[in-house]
Amino acid sequence: MRLPEEHDERGTGKPVVYTVLAVSLFILGILAVVFFSNNGAKRGGQARRPLAAVPSPTPEEEMEFAEGQEDIESLYKENRLRAEDLDFWNMYQNNGGVIIEEEPEASPSPTPSHEPTDEELAEDGEHVKVTLHDGTEEWHEISQDIPLYTYDFTNLKITAGRMEYYQDGEKSSSVGVELSENSGNVDFTALKDSGVDFVMLRLGSRGYETGLLSLDKNFVNNITKAQNAGLEVGVYFFSQAVSEKEAEEEAEFVASNLVPYKISYPVAFVMEYIVNDESRIESLDAESRTDIAKAFLSHIDREGYRTLLCGTKDWLLGEVEPEDLLEDYDVWLNDQSPVPDYPYQFKLWKYAVRQKISGVENEASYIISFVDYTRK
């Protein structure tokens, strides 16, 4: 007994065999025809007329390709490909027959920047601390564009409260005293005999409340007697200008009151806050105070006098913009510390205030000048 599946397979087997045989005979026939045709062509080739020469293809024709085909050599030359450019398999690794793309390494987290401490800033020699009028403390980087002082303070000698500076064993400084109406009566001959070389006299001031200009009550008497005693004289003006126009007015006031006199030391610009009271200049910012100082000093310079910018370290570095002033004007530093930490060049130094000085009725201040302005 046969299964239905067996009956179907036998019924279809013979036709398949016959089909295969028929196809094979057909292919053999085609091959035979091709074979005999080639042989006949070879035997009759000598009797046939030779074919016309076919011209060699031009470079442009050689560059023609079928649609979708690319000229690998041209691509290589135009793009300057290198062998390593084609070695893209290095981007992968074979792991058990599975190609895995390498993941890029994670970039390290940035290291947080170190905020220098006050101790580090104080010791690095590149910063100086400034205390502003409102009590705020700031560290200022010392500029390399402003000349630094070059004094060796081990060459300072103090005798009877007076400071002198020596270079190569020779005294190279001058002793000065600052005076105003607050100093009372002054015996200028006694000052001269005691070794004082020059005086800085207050010429006048602007009221810090009213804004009015006024001449120091003792100025005319002081300058007359100082010059008669043979002392060198410089002057200063206490400014409370709140505009460049007012600064020009102050400078003109100074110049007009100096007409009868010939002075050898500079004219100094002094601007300060008023202790325990409010002054006109408190409403100004550093840029405005800088412009006012420049207006005063440039006007005095045009009048033919030497100039000085006076102030404490905190004023010169924090309350005005030093880059716009310290390169152009000499500095009169007001600093009572044994060695000032003001980094830039200064020509005069008020180092002792409220001193009892022989020949002066009330207290006065000592100054040292590192420059002999009579020879400058």
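Reading the values: rules and limits
Residues numbered from 1 in each chain as written. Predicted model: local features only at pLDDT ≥ 70, side-chain atom pairs only at ≥ 80, totals over all residues. Heavy atoms only, no water. Helix = DSSP H or I, 4+ residues; strand = E, 2+ residues; numbered from the N terminus. Buried < 20%, exposed > 50% of the residue type's maximum accessible area, 1.4 Å probe, protein only. Contact = heavy atoms within 4.5 Å. Areas by Shrake-Rupley, 256 points an atom, 1.4 Å probe, with all protein chains shown as cover. Salt bridge = Lys/Arg side-chain N within 4 Å of Asp/Glu carboxyl O. Phe/Tyr/Trp six-rings, centres within 6.5 Å; stacked < 30°, edge-to-face > 60°. Arc of directions from axis to C-beta. 1 Å grid on protein atoms, 1.4 Å probe; cavity = no way out; pocket = protein on both sides within 12 Å on 5 of 7 lines; lining within 4 Å. Points joined across faces, edges and corners; volume = space filled by probe spheres on them. Nonpolar A, V, L, I, M, F, W, Y, C, P; charged D, E, K, R; others polar.

**Q** Would you mind showing me how to read the overall build of the protein here?
**A** Check the secondary structure of the protein and you find nine helices and 16 strands. The proportion of buried residues among the 376 residues of the protein is 36%. The contacts of the protein with a sequence gap of at least 6 include a subset with a gap of at least 24, amounting to 60%. Summing over all exposed atoms, the protein offers an accessible surface of approximately 24,300 Å²; the carbon and sulfur share of this is 51%.

**Q** For this particular structure, what's the right way to read the pattern of salt bridges?
**A** For side chains bearing opposite charge, pairing can occur when the charged atoms are close. Scanning the entire structure with this criterion turns up 14 salt bridges. For E181, the salt bridge goes to R202, with nearest N and O atoms at 3.7 Å. Of this pair, E181 sits in the loop between strand 8 (174–179) and helix 5 (188–193) while R202 sits in strand 9 (residues 198–206); the two residues are 21 residues apart in sequence, bridging distant segments of the chain. Assessed through its relative accessible area of 26%, E181 is described here as partly exposed. What makes R202 buried here is its relative accessible area of 17%. R280 is the partner of E246 in a salt bridge, and the nearest nitrogen-oxygen pair spans 3.0 Å. Separated by 34 residues along the polypeptide, E246 in helix 7 (residues 244–257) and R280 in the loop between strand 12 (267–271) and helix 8 (286–302) bring together distant segments of the chain. A network of salt bridges, in which partner residues are shared, links R206, E246, E249, E250 and R280.

**Q** It is not clear to me how the packing of aromatic side chains should be interpreted in this structure. Could you clarify?
**A** Within a pair of aromatic rings, the relevant descriptors are the distance that separates the centres and the angle that separates the planes. A full pass over the atoms with the stated rule returns 23 aromatic pairs. Centroid distance F153 to W349: 5.9 Å. Interplanar angle 70°. Geometry classified as edge-to-face. Here F153 is found in the loop between strand 4 (137–141) and strand 5 (156–159), whereas its partner W349 is found in strand 15 (residues 348–355), with 196 residues between them in sequence. You'll find F153 and W349 in the same group, each marked buried. With a centroid separation of 6.2 Å and 65° between ring planes, the pair formed by Y342 and F346 is classed as edge-to-face. Among the aromatic residues, those joined into a ring-pair cluster are Y149, Y151, F153, Y165, Y342, Y344, F346, W349, Y351, Y366 and F370.

**Q** What is the right way to read the environment of V235 from this model?
**A** In this structure, V235 sits in strand 11 (residues 232–239). It is 8.4 Å that separates the C-alpha atoms of V235 and I263, two residues lying 28 residues apart in sequence.

**Q** Quick question: what am I supposed to make of helix 6 (residues 219–228) here?
**A** Along an α-helix, a turn takes 3.6 residues, which lines up residues three or four apart on a common side. Along helix 6, the residues that are buried comprise F219, N222, I223 and A226. Each buried residue of helix 6 sits inside an arc of 90° when the element is viewed along its axis, so together they form one side. Buried residues along helix 6 sit against helix 5, strand 9, strand 10 (213–215), strand 11 and helix 7. Backbone geometry just downstream of helix 6 places G230 in the positive-phi region, at approximately 90°.

**Q** Hey, could you run me through the layout of surface pockets in this one?
**A** In this approach, a probe sized like a water molecule rolls over the atoms, and the result shows the empty space that is left. When its volume is computed, the largest pocket comes out at roughly 810 Å³. Taken together, 26 residues line the largest pocket, and the ones lying closest to its centre are E178, N182, Y236, E272 and K350. In the lining of the largest pocket, the residues fall into 12 nonpolar, eight polar and six charged. A volume near 260 Å³ is recorded for the second largest pocket. Taken together, 13 residues form the lining of the second largest pocket, with H133, E272, Y273, T312 and W315 sitting closest to its centre.

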